[in-house]
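Coordinates in review
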Amino acid sequence: MPEGHTLHRLARRQQRLFGGQQVRVSSPQGRFVDGAAAVDGMTFHAAEAWGKHLVHRYRNSRTEKLVHIHLGLYGAFTELSVPLPEPVGQVRVRIEGEQAGTDLRGPTACEIYHPADLETLVARLGPDPLRADADPERAWAAISRSARPVGALLMDQKVIAGIGNVYRAEILFRAGIDPMRPGKRVLRTEFDELWTDLVALMKVGVRRGRIHVIRPEDDHGAPAYAANRPRTYVYRRAGEACRVCGTPVSLAELEARKLYWCPVCQS
């Protein structure tokens, strides 16, 4: 599932492609016909991200309508040049602008939202480190009073919105924090440093389109876990030597997700 930086990067890209334009919106697959008809011909006003959620705002002289999208595990947008080709596969939504278009396939959610729906969504999400209005105090309050492992708390979208398994593993390694440590045993200074590091790393992810976490002095040794990915410290490196201390990277399951950490550097 895409992590938060991917959604923010996507929102910025779609804003550049369609912002301020009157767009055509359709549902070739047929599963979003009414929703597409509701915004077809309106002006694409904005694309915004909250954690792993994407919201398109459409406007005309009378009203604003919202479309909420959650990509889930399989959702993806494909950019197209105009004139647009015939749709291929199960295209849930097609957006056609003046000079470009995009097809959305396979999202977990694609639905018309009312303002109250967006308010409800935002209220149940934790602060998004990539948003200017993020309030880290909300995340600290949730973590500091919880007995759950901090590794589980960081993956809880109600605590912090946008963190996935890669960022979870890597920011805890960089902070030297055992992912099994209860949240209420995390020091305030540790949280502040973790939040600052997370904001910086996710901004890099937005700019580069990839999760970059390795400090320059550690960017050597064993290759990345996949050919098109930058190196990581621990993510998907179970049994391999820690890039800092050489200890084999540990692997466990925490709340149904794989967890990677160095038992020495994060002791």
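- Naming follows an unreviewed UniProt entry, where the protein chain appears as DNA-(apurinic or apyrimidinic site) lyase of Gordonia jinghuaiqii.
- Per UniProt, the protein chain has the following entry under Cofactor (unreviewed entry): "Zn(2+)".
- In its Sequence similarities (unreviewed entry) section, the UniProt record describing the protein chain reads: "Belongs to the FPG family."

1. Some remarks on helix α6 (residues 165-175)
- The element α6 is extensively covered by neighbouring structure, given that 10 of its 11 residues are classed as buried.
- For α6, the full list of buried residues reads Asn165, Val166, Tyr167, Arg168, Ala169, Glu170, Ile171, Leu172, Phe173 and Arg174.
- Looking at the packing, one finds that the buried side of α6 touches α1 (4-18), α5 (150-153), α7 (188-208), β9 (250-254) and β10 (257-261).
- At the C-terminal side of α6, Gly176 shows a positive phi close to 70 degrees.

2. Things to note about a nonpolar patch on the surface
- Together, Met1, Leu73 and Tyr74 line one region of the surface with nonpolar side chains, adding up to about 400 Å² of accessible area.
- With respect to the secondary-structure elements, Met1 resides in the segment before α1.
- Under the relative-accessibility criterion, Met1 is labelled partly exposed at 49%.

3. Concerning the domain arrangement of the protein chain
- For the protein chain, the domain assignment lists domain 1 (4-124) and domain 2 (136-261).
- Taking the mean C-alpha position of each, domain 1 and domain 2 sit 30 Å from one another.
- Opposite the 10 residues of domain 1 that make contact, domain 2 presents 16 residues.
- Approximately 850 Å² of surface area, both sides summed, lies buried where domain 1 meets domain 2, with 56% of it carried by carbon and sulfur atoms.
- The largest contributions to the domain 1 side of the interface with domain 2 come from His5, Arg9 and Lys52, which together make up 61% of the buried area.
- The tally of links from domain 1 across to domain 2 stands at 0 salt bridges.
- Examining the composition of the side of domain 1 that touches domain 2, we find that 5 residues originate from one element, α1, more than from any other.

About the thresholds
- Residues numbered from 1 in each chain as written.
- Predicted model: local features only at pLDDT ≥ 70, side-chain atom pairs only at ≥ 80, totals over all residues.
- Heavy atoms only, no water.
- UniProt positions renumbered as here; feature names shortened; annotations may be inferred.
- Buried < 20%, exposed > 50% of the residue type's maximum accessible area, 1.4 Å probe, protein only.
- Helix = DSSP H or I, 4+ residues; strand = E, 2+ residues; numbered from the N terminus.
- Contact = heavy atoms within 4.5 Å.
- Patch = residues over 30% accessible without salt bridge, like charges linked within 9 Å, V, L, I, M, F, W, Y side chains within 5 Å.
- Areas by Shrake-Rupley, 256 points an atom, 1.4 Å probe, with all protein chains shown as cover.
- Salt bridge = Lys/Arg side-chain N within 4 Å of Asp/Glu carboxyl O.
- Domains from an automatic or database assignment.
- Buried area = accessible area lost by both parts, 1.4 Å probe.

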